[in-house]
Each structure stands twice: as C-alpha cells, then as structure tokens.
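So the chains spell out like this:
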Amino acid sequence: VNLNEYKKRLKLNERPKILLASRLLWSKGVGDYVDAIKILNKKGKSLEFLLAGFSDTENPDHIKDEFIKNWQNQKLLTFLGWVEDMPELLSNIDIFCLPSYYGEGIPKSLIEATASGIPCITTDTPGCRSAVKNNENGFLVGISNPKEIASSIEKLTENKKLYLDMSEKSRRLAERNFDEEAIINQTLNLYEK
C-alpha cells in the first residue's frame, strides 16, 4: 500500500469502533464476528461494531441480505456496504477484525489496517499470520472461535497501554513489509537480475 494514504492511529475512541471489511462470505468469518458481538453485548460492553463489504452473490458461500438486515435490526452492527475510501474509514477505527478461514493470500484489508496502525484480530492461518504477529500487533485466534475474538477485543479495549503498543507495532510492520515503494523497487531489482 501507499503508506502516505494511511494515517496512523494515535488514540482509542471513547466508544471503541471495531470493523470487519471483506467480501460478505461466511468463510471470511462474518458469522463468528457476529457471535463475538453477541458475547460482548451480553457483558454490557460499550462498543461500536461495523461491517463493510459487498455480497458476492456468485459465490455459494455468500451471506444473504436477510442476515445483514436482521443483524442491523437487532442493533448488533452497522452495515456500511461497499466502501470506496478505505483510508478515510480506517482513520477512525480502533480494531480491525478478520476471522477468516477462506484460504487467503495476504488479505489487502489486513495490510491496510496495519498501515493505519490498527491492532488486528485474525485467524492463525497462512496469509493472515503474515500481516499479524500474535501478541505484537494483534491477536491470532482459532478458526470459528467467537469467544477468542471477544476476549481479544476486550483485551485491546480495556488496556490502553497494550492498545497503543500494538498500534505502534502494526504501523511499523506495514512500513517494514508492505510499503508500496519498497515492493516496487524490490520487484524492479529482481527483473534487472
């Protein structure tokens, strides 16, 4: 990513905002995210949950509109739909969550979140673990484990020092591994060889 487009987070919102942004597929962990929200709501946590993305209706794993409407009606989350300006959205997000078991490369959404200095919660799977180092810039959780997701969100929202430390490490990881300029130069050097 172009690191200049992403602003580093410097604080935790008074009412923390958690975002999942992806194609709306069950295998992206959207159902697990919703189940984690329910766990946290039962505990009376004052958090704001957001879901962004589009429904890939060609994919048999897509999430039907009725589920999303139902989650909104239950006031579990706010559905943003397709978001064009991710740097702007991420500039006001506290935690990024992608509990995917899709079989990812390195998810672009995780790269963008790290570039924004956002602690991330994702699954301990290939690709995802390339963008998130467990207990450094976020948490790696088990597949289909809403309790672990909820627990990770609690840790980040209840420990400001941990949150700020992981935020700093997220941005540093992006600078080290995902800077567009560095990747372009590496690619050109490889072609020259």
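Worth saying up front: this structure is predicted, and the values here are computed from it rather than measured.

Chemist: Hey, could you run me through the packing of aromatic side chains in this one?
Modeler: Here the distance between the centres and the angle between the planes together describe a pair of aromatic rings. Taken as a whole, this structure holds 5 aromatic pairs when the rule is applied. Between the aromatic rings of F67 and W71, the centroid separation amounts to 6.2 Å while the plane-to-plane angle is 45 degrees, which identifies the pairing as tilted. Of this pair, F67 and W71 both sit in helix α2 (residues 65-73), 4 residues apart, which is roughly one turn of the helix. Ring pairing ties together the aromatic residues W26, F67 and W71, which thus form one cluster.

Chemist: Explain a negative patch on the surface to me, please; I cannot follow it from the model alone.
Modeler: A cluster of acidic residues, E5, E84, D85, E88, E180 and E181, forms a negative patch on the protein surface. Looking at where E84 falls in the secondary structure, it is placed in the loop between β3 (78-81) and α3 (86-90).

Chemist: What am I meant to see in the side chain of N13 here?
Modeler: Structurally, N13 is set in the segment before β1 (17-21). What makes N13 buried here is its relative accessible area of 12%. At 3.1 Å, the side chain of N13 and the backbone oxygen of N92 are in polar contact.

Chemist: What is the right way to look at the pairing of strand β5 (residues 120-123) in this model?
Modeler: Successive residues of a regular strand alternate their side chains across the two faces of the sheet. Here β5 shows no split at all, with C120 and T122 on one side and I121 and T123 on the other all buried. As defined by bridge partners, strand β4 (residues 95-98) adjoins β5 across 3 bridges and the pair is classed as parallel. Paired with C97 across the bridge in β5 is I121. Crossover handedness for the path β4 to helix α4 (residues 108-115) to β5: right-handed. With 4 bridges connecting them, β5 and strand β6 (residues 138-141) associate as parallel partners. The residue bridging I121 from the neighbouring strand is F139, located in β6.

Chemist: Can you help me understand a nonpolar patch on the surface in this one?
Modeler: A surface patch of nonpolar side chains, amounting to about 350 Å² of accessible area, comprises I184, L188 and Y191. Within the secondary structure layout, I184 lies in helix α8 (residues 180-192).

Chemist: Any chance you could explain helix α1 (residues 30-42) here in plain terms?
Modeler: Helical geometry note: an α-helix holds 3.6 residues per turn, so side chains three or four residues apart project in the same direction. The first and last C-alpha atoms of α1 sit 19 Å apart over 13 residues, in line with the 18 Å expected at 1.5 Å per residue. For α1, the set of buried residues is V30, G31, D32, Y33, V34, A36, I37 and L40. Against the buried residues of α1 lie β1, β2 (48-52), α2, β4 and α6 (146-158). Phi turns positive, to about 75 degrees, at G44, one or two residues after α1.

Chemist: Sorry, what's going on with the nonpolar core here?
Modeler: Across soluble globular proteins, nonpolar side chains show a tendency to be buried alongside one another. Ranked by internal contacts, the top residues of the largest apolar core, which has 55 residues, are I18, L19, F49, W71, F96, L110 and I153. At 6 residues, the largest contribution of residues to this core is made by α1. When neighbours within four sequence positions are excluded, L110 is seen to be in contact with F96, L98, C120, T122, C128, A131 and V132.

Chemist: Any chance you could explain the sheet that holds β5 here in plain terms?
Modeler: In any sheet, the strands associate via hydrogen bonds between backbone groups, in a parallel or an antiparallel arrangement. Taking strand neighbours across the sheet as the criterion, the 6 strands line up as β3-β2-β1-β4-β5-β6 in an open arrangement whose pairing is parallel. If you trace the sheet from one side to the other, it starts and ends with β3 and β6, each paired once. Mean inter-strand twist for the sheet, computed between neighbouring axes without regard to direction, equals 20 degrees. Contacts between α6 and the sheet are confined to β1, β2, β4, β5 and β6, with β6 contributing the most and set at about 170 degrees to the helix.

Chemist: What should I look at first to understand unusual backbone geometry in this one?
Modeler: Among all residues except glycine, the phi angle is most often negative; among peptide bonds, the trans geometry is most common. Phi at K75 takes a positive value of approximately 60 degrees, unusual for a residue other than glycine. Mapped onto the elements, K75 comes out in the loop between α2 and β3. On the accessibility criterion, K75 (70% relative accessible area) is exposed. In the Ramachandran plot, N135 falls in the positive-phi region, its phi being about 65 degrees despite a non-glycine side chain.

Cut-offs applied
- Residues numbered from 1 in each chain as written.
- Predicted model: local features only at pLDDT ≥ 70, side-chain atom pairs only at ≥ 80, totals over all residues.
- Heavy atoms only, no water.
- Phe/Tyr/Trp six-rings, centres within 6.5 Å; stacked < 30°, edge-to-face > 60°.
- Helix = DSSP H or I, 4+ residues; strand = E, 2+ residues; numbered from the N terminus.
- Patch = residues over 30% accessible without salt bridge, like charges linked within 9 Å, V, L, I, M, F, W, Y side chains within 5 Å.
- Areas by Shrake-Rupley, 256 points an atom, 1.4 Å probe, with all protein chains shown as cover.
- Salt bridge = Lys/Arg side-chain N within 4 Å of Asp/Glu carboxyl O.
- Lys, Arg positive; Asp, Glu negative; His and termini not counted.
- Charge placed at Lys NZ, Arg CZ, Asp CG, Glu CD.
- Buried < 20%, exposed > 50% of the residue type's maximum accessible area, 1.4 Å probe, protein only.
- Polar contact = N/O pair within 3.5 Å; in protein donor to acceptor, adjacent residues only side chain to side chain.
- Pairing = 2+ DSSP bridges.
- Right-handed = clockwise from strand over helix to strand, strands pointing away.
- Expected span 1.5 Å × (residues − 1).
- Contact = heavy atoms within 4.5 Å.
- Core = buried A, V, L, I, M, F, W, Y, C linked by side-chain atoms within 4.5 Å.
- Axes fitted to C-alpha atoms, helices over the stretch in contact; angles between N-to-C directions.

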